[in-house]
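Observations on chain architecture
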Amino acid sequence: METKTAVAALGALAQETRLAVFRLLIEAGPAGVPAGAVAEAVQVPAATLSFHLKELSHAGLISARQEGRFIFYAANFEHMAALMSYLTQNCCKGMPDECLSVVETALGRCCGPSPTKRKPARSRS
């Protein structure tokens, strides 16, 4: 990630409503959240939300997709990971294990291990 891209992303997140929206979308996961539900959750009018979503989108932090009459917004997890990597790439004077354990612990609280595949249900015949 280039410095200019990181600055754009951090600038977009440096506003209370946009940060709340981004955190909501992170929590929702890849499925995203319909725009109306986002507006309701962060308690802002649709026009105001539209402005904030545009800023997050221009910074590459979110994406939108249309499903029928609804527009769903989702966090761009790749871009978020690239930003986190950019911020920590020179961490701890070349000893990243020190920083990584802190980051992994923090991520473990929000993003636990992926669920294991379920065994198929047995048919009753």
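What comes next is a walk through the structure. All figures in this text were calculated on a predicted structure; none of them were measured in a lab.

Turning our attention to the pairing of strand 3 (residues 70-75). By the bridge criterion, 2 bridges tie strand 1 (residues 33-34) to strand 3 in an arrangement that is antiparallel. Among the inter-strand pairings, Pro34 is bridged to a residue of strand 3, identified as Phe72. Two successive antiparallel strands, strand 2 (residues 62-67) and strand 3, enclose a turn made up of 2 residues, where Gly68 displays a positive phi of approximately 65°.

What the 3 strands build is an open sheet, ordered 1-3-2; its pairing is antiparallel. At either margin of the open sheet sits one strand with a lone partner, and together these are strand 1 and strand 2.

The next thing to look at is the side chain of His52. Relative to the elements of secondary structure, His52 occurs in helix 4 (residues 46-58). By relative accessible area, His52 is classed as buried at 6%. Dropping the residues within four chain positions of it, His52 is found in contact with Gln15, Thr17 and Arg18.

Calculation criteria
- Residues numbered from 1 in each chain as written.
- Predicted model: local features only at pLDDT ≥ 70, side-chain atom pairs only at ≥ 80, totals over all residues.
- Heavy atoms only, no water.
- Pairing = 2+ DSSP bridges.
- Helix = DSSP H or I, 4+ residues; strand = E, 2+ residues; numbered from the N terminus.
- Buried < 20%, exposed > 50% of the residue type's maximum accessible area, 1.4 Å probe, protein only.
- Contact = heavy atoms within 4.5 Å.

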